[in-house]
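A closer look at the structure
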Amino acid sequence: MSDSLVAPQPLLVMEGIEKAFPGVIALDGASLRVAPGEVHAVIGQNGAGKSTLMKILNGAYRRDAGTILLDGQPVDFHNPREAQDAGVSTIYQEINLVPYRSVAENIFMGREPRRWGMLDRERMNRDATAVLDRLGVHVDVRRPLSTLNIALQQMVAIARAISTDARIVIMDEPTSSLDEREVEVLFDVIRGLKADGISAIYISHRLDELYAVCDRVTIMRDGKTIDERAVAGASKVELVARMLGKEIGEVSRSGATGFQHRGARPAGEVLVEADDLQGARLDGASVTVRSGEIVGLAGLLGSGRTEVARAVFGADPASGGLRVRGKPVRWKSPRDAIRAGFGFSSEDRKADGIIPYMSVRENLTLAALPVLSRNGIVDRTEQQRIVDRFIDRLGIKTAGPEQKIRELSGGNQQKVLLARWLCLNPSLLLLDEPTRGIDVGAKAEIQGLIDELADNGLGVLMISSELEEITEGADRVVVLREGRTVAEFDHVEVSQDTVMHAMAHGDDESRSRGVEESSGRRLQAQEDGETVRRLVGATPASPAPLDER
Amino acid sequence: MSEPGIRTVGRPTRSLHLPIPQLPAFIRPYTALIALAALIVYNIVFTTNFLSIGTFNANMTQVATIVIVAVGMTFVIATGGIDLSVGSLMAIAGVLAPLFLVDAQQFGAPVVGLALALVAPLLVTTVLGAFNGTLVTVVGLQPIIATLVLYLGGRGIAQLIVNGELRELRNLGSPMISSFEFIGLGQVFGIRFQIIIMLVVVAVAAWVLHATTFGRYVLATGGNAAAARLAGVPVNQVKMTVYCISGFLAGLAGLVVVAINRSSDPHRVGEYMELDAIAAVAVGGTPLTGGRATILGTFIGAMIIQLVRFTLIAHNVPDGITRMVIAGSIVVAVLAQRQRTS
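Not measured: the values here are computed from a predicted model.

1. Let's talk about the overall build of chain A
Secondary structure summary: chain A contains 19 helices and 24 strands in total. Burial statistics for chain A: of 549 residues in total, 52% are counted as buried. A sequence separation of at least 24 residues applies to 68% of the contacts in chain A between residues at least 6 apart.

In structure tokens, the structure reads:
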């Protein structure tokens, strides 16, 4: 341990933490240091390992390797209860309280004060009131929790956490279900905890919130801790770059992906126009795709990328205009969109893609069954012909068409799922993270395939967290932030820097076009801490006013 | 919101794996068939008169209604659901049929009455199946709760229709009674007609599950409903249909039972049938989690349970022990066919 003489002893030190799940290394040498009374942010892309690290800290998972020191003492929690007893409390993303029990019962659940072996309800209510008062929340603790709004329920969750004499409170996306005002209240509570010397670990993908409430930030990527620094003095672009594993100023490295033909295709007719989509996590997203072009959809986690694709595909309800070849449409289900020639491959192959116990043949032709059958009877000969053709054409490595798809590698599963749409000869493909979690070789192959398909007139909307895919693959890039389209670039304008800027700030004055922004959010230079502080001053701490339409 | 990257990996499910040796993978699909063959061989050797048309008919008769219902249950379970209402639906079909056989002239001609006695109950139980499907898809109840409604209420409906009274078919007025009884008691080339009904149901169902778009949709829905929906599978429509099929086949089984018994008792027709059917499906190798199903397996599963029972009874084993052995053999059958989910 390298405790310096001047710095106070950290409250928590996690060092060299490793954790593997079957098939995936979730943590590979992650570390975290939190000082007493510090609000410490942990940020990173999807799958960077933030949640896993927190679950190891709070005893929900066991680590494979590494050390955890609390107050300089090594600790080893076997379950969340042990962690709680040692002062590590967690407030989960989804509030895990019991809605029909009273506020007081929720705060003291499992540790109810007893008297003569019976529940001492009076004392429980008194203590609960005291804890909530400390947070500046005044409610009747006998009320059922379900009668409180989400923000107050969140406060109850925090009260529950600190009533255990917590010294570290883990908050995983605590603001995801709160509105602006409620976020402010939460921040006041966090500042109050801090004043009492209680540390907080704060996980969020809303970067603005970091500046409002956090002291230091740990950045994770691919299961490793990449960086740890003070929040003041770090620019948003810097943070985003570190999360994505890029250098600021790093320009597009051509040849890193399998894409070759960006910008060389003449775009054709307008296939689909989504205009001002509103819905869950959507707040004014607009995107247009023409035939023969790849449109890259970029944005941070939670920016509404997946939601846009699902809305265009009719998978989730969303209001707003949707036009296909100029005609307004309203999908009732994905079935309608498929009939119109759309295909959608989800970012989560296992949850939304494969039918695990079905064969490669059945998975590949699932969407094509209506075409492949006469009077409801599947034409096996035709089915076999199509399956053989696509296994051959996409180079799907399988023991045979009858092999169960779950036995295939991720890359080959992805090829089968692409073939599921390609065999329908679609006009538009919505690809959500088409190369996530697959090996480098298959990745380049799939990228090359997407390129080739666009050359042949297919319209592609491609969502990716990997900047190279966006900058090298897309003929046009649309950037989303907090459910809203905030920038759009053509292939000449696009670079990793411009996209990163737009992802972080929702605006890049010099290069974006055609997207209005309210003047309060307009940012100039971002590279020094001074500007950042001005930025924080000018920017409310929460998803905020972009609403001058 | 959770992190999909982690969620897809999930925590390894820790089920208690007893030190039961796993059967080699190439045998596993045939476990049920091998067990059935062993039972048959054992009986040929040790049970007198096992190889006679009488024993065959006796065994098949007892298994026929279970198989018919279990086939419908297999479709439901294949989508990840379950149907507890089948026994009660059998009772409803059973009390409806005699209403159309009361007198010769009521429907113009006796044959119209007979036709109605066969068609109307099936129509009603199919519609009640649609009611189950609606609770599952539109209302969004869990299948076990949704079908509990008719499990409890359905038998009540049956009792109300006939004031709780037992009806003897021979006391009804229609000259077509013996024609109706043919579905239970009639013989074609020495084989009971109900056995033929059962075999046709099994054959058609196996073909539907295997060769039709609908059959593939059933397995896709049970295997991964979210993915199936995104691939254009009309998931709700599929679920609705399997409950209708289950209702229809329960109605058919109800008619057969009434024809065999030559009477209709709203309290007894189809009693415990839901459990017998589920047991047959499980022993046959269809996991209750959905996504995988075998109609032939269900048929074999029902036969295994029947033959275990027959064997024990034929060798004068007391009823209490027979029940325990059957229970034990269900556990063994399911464990032997369990696939380790990696």
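2. Quick word on the overall build of chain B
When helices and strands are counted, chain B shows 14 helices and four strands. Whereas a compact globule of 342 residues would reach a radius of gyration of roughly 20 Å, chain B reaches 21 Å, a difference of no more than 12%. Each principal axis of the C-alpha distribution contributes one length, and for chain B these read about 70 × 55 × 35 Å. The burial tally for chain B puts 47% of its 342 residues in the buried class.

3. Some points on the interface of chain A and chain B
Contact with chain A, which involves 40 residues of that partner, is made by 29 residues of chain B. Elements with a minimum of two residues in the side of chain A that touches chain B: strand S2 (24-34), helix H1 (50-57), helix H10 (334-339), helix H11 (349-352), helix H13 (369-372) and strand S20 (377-378) of chain A. Residue composition of the side of chain A that touches chain B, by class: 20 nonpolar, twelve polar and eight charged.

4. So, the nonpolar core
Core analysis: the largest hydrophobic core is formed by 258 residues, its most contacted members being Val 169 and Val 308 of chain A together with Val 69 and Ile 304 of chain B. Per element, the largest residue contribution to this core is 16 residues, and it comes from helix H11 (residues 235-261) of chain B. With residues near it in sequence (within four places) discarded, Ile 304 of chain B still touches Ala 32, Ala 35, Leu 36, Leu 39, Val 283 and Ala 333 of chain B.

5. Observations concerning the sheet that holds strand S21 (residues 428-432) of chain A
Residues and elements named next belong to chain A. Read across the open sheet, the six strands follow the order S18-S21-S22-S15-S23-S24; overall the sheet is mixed. Across the chains shown, the open sheet's two edge strands, defined by having one partner strand only, are strand S18 (342-345) and strand S24 (484-490). Each neighbouring strand pair of the sheet contributes to a mean axis angle of 15 degrees, computed without reference to strand direction. As judged from the four bridges shared by strand S15 (residues 294-298) and strand S23 (residues 476-481), these two strands associate in the parallel manner. Its bridge partner being in S23, Gly 296 is matched across the sheet by Val 477.

6. Considering the sheet that holds strand S9 (residues 168-172) of chain A
Residue and element names in this part refer to chain A. Taken together, the six strands give an open sheet; going across it, the order is S6-S9-S10-S3-S11-S12, and neighbouring strands pair in mixed fashion. Single-partner strands in this sheet number two, and they are strand S6 (88-91) and strand S12 (224-230). Across the sheet, the axes of successive neighbouring strands diverge by a mean angle of 20 degrees, strand direction being ignored. The sheet contact formed by strand S3 (residues 39-44) and strand S10 (residues 199-203) spans four bridges and is parallel.

7. As for the domain arrangement of chain A
According to the domain assignment, chain A consists of domain 1 (12-231), domain 2 (267-341 + 426-521) and domain 3 (353-424). Here the C-alpha centre of domain 3 of chain A lies 45 Å away from the C-alpha centre of domain 1 of chain A.

8. Looking at the confidence of the model for chain A
Detailed conclusions should not be drawn from predicted coordinates in areas where pLDDT is low. Overall, the predicted model of chain A reaches an average pLDDT of 82, with 87% of residues at or above 70. This stretch, residues 508-549 of chain A, has a pLDDT under 50; its non-local contacts, to residues over four places away or in other chains, come to 65 contacts.

9. With respect to the packing of helix H4 (residues 86-99) of chain B against H11 of chain B
All names here are of chain B. Direction vectors running N to C along H4 and H11 enclose 55 degrees, while the axes themselves pass 7 Å from each other. One element, H4, and the other, H11, form an angle in the oblique class. Along this stretch, H4 crosses H11, giving a crossing that reads as right-handed. Every residue of H11 that contacts H4 at Val 86, Leu 89, Met 90, Ala 91, Ala 93, Gly 94 and Ala 97 is listed here: Ser 246, Gly 247, Ala 250, Gly 251, Ala 253, Gly 254, Leu 255, Val 257 and Val 258. Per-class residue counts for the contact of H4 with H11 are eleven nonpolar, five polar and no charged.

10. Description of the environment of Tyr 243 of chain B
All names here are of chain B. Along the polypeptide, Tyr 243 turns up in helix H11. By C-beta crowding, Tyr 243 is classed as buried, having 30 other C-beta atoms within 10 Å. Along the backbone, Tyr 243 and Ile 82 are 161 residues apart, and their C-alpha atoms lie at a distance of 8.9 Å. Setting aside its immediate chain neighbours within four residues, Tyr 243 contacts Val 76, Asp 83, Gly 129, Ala 130, Asn 132, Gly 133 and Val 136.

11. Points about the environment of Leu 366 of chain A
All names here are of chain A. With respect to the helices and strands, the residue Leu 366 is situated in the loop between helix H12 (360-364) and H13. Exposure remark for Leu 366: the 23 C-beta atoms within 10 Å place this residue in the buried category. Along the backbone, Leu 366 and Leu 417 are 51 residues apart, and their C-alpha atoms lie at a distance of 9.6 Å.

12. Remarks on helix H6 (residues 180-195) of chain A
All names here are of chain A. Here H6 is 16 residues long and its end C-alpha atoms lie 23 Å apart, about the 22 Å a rise of 1.5 Å per residue gives. Buried residues of H6: Val 183, Leu 186, Val 189, Ile 190 and Leu 193, and no others. Each buried residue of H6 lies within a common arc of 120 degrees when the element is viewed along its axis, so the set occupies one face. Opposite the buried face of H6, by more than 90 degrees, sit the exposed residues Arg 181 and Ala 195. Here the buried face of H6 lies against S3, helix H5 (150-162), S9, S10 and helix H7 (207-213).

Calculation notes
- Residues numbered from 1 in each chain as written.
- Chains lettered and ligands numbered in written order.
- Predicted model: local features only at pLDDT ≥ 70, side-chain atom pairs only at ≥ 80, totals over all residues.
- Helix = DSSP H or I, 4+ residues; strand = E, 2+ residues; numbered from the N terminus.
- Buried ≥ 20, exposed ≤ 12 C-beta atoms within 10 Å, placed from the backbone.
- Contact = placed C-beta atoms within 7 Å.
- Rg over C-alpha atoms; globule rule 2.2 N^0.38 Å.
- Nonpolar A, V, L, I, M, F, W, Y, C, P; charged D, E, K, R; others polar.
- Core = buried A, V, L, I, M, F, W, Y, C linked by C-beta atoms within 7 Å.
- Pairing = 2+ DSSP bridges.
- Axes fitted to C-alpha atoms, helices over the stretch in contact; angles between N-to-C directions.
- Domains from an automatic or database assignment.
- pLDDT = per-residue confidence, 0-100.
- Parallel < 35°, antiparallel > 145°, perpendicular 65-115°, else oblique.
- Left-handed = near helix turned anticlockwise from the far one by under 90°.
- Expected span 1.5 Å × (residues − 1).
- Arc of directions from axis to C-beta.

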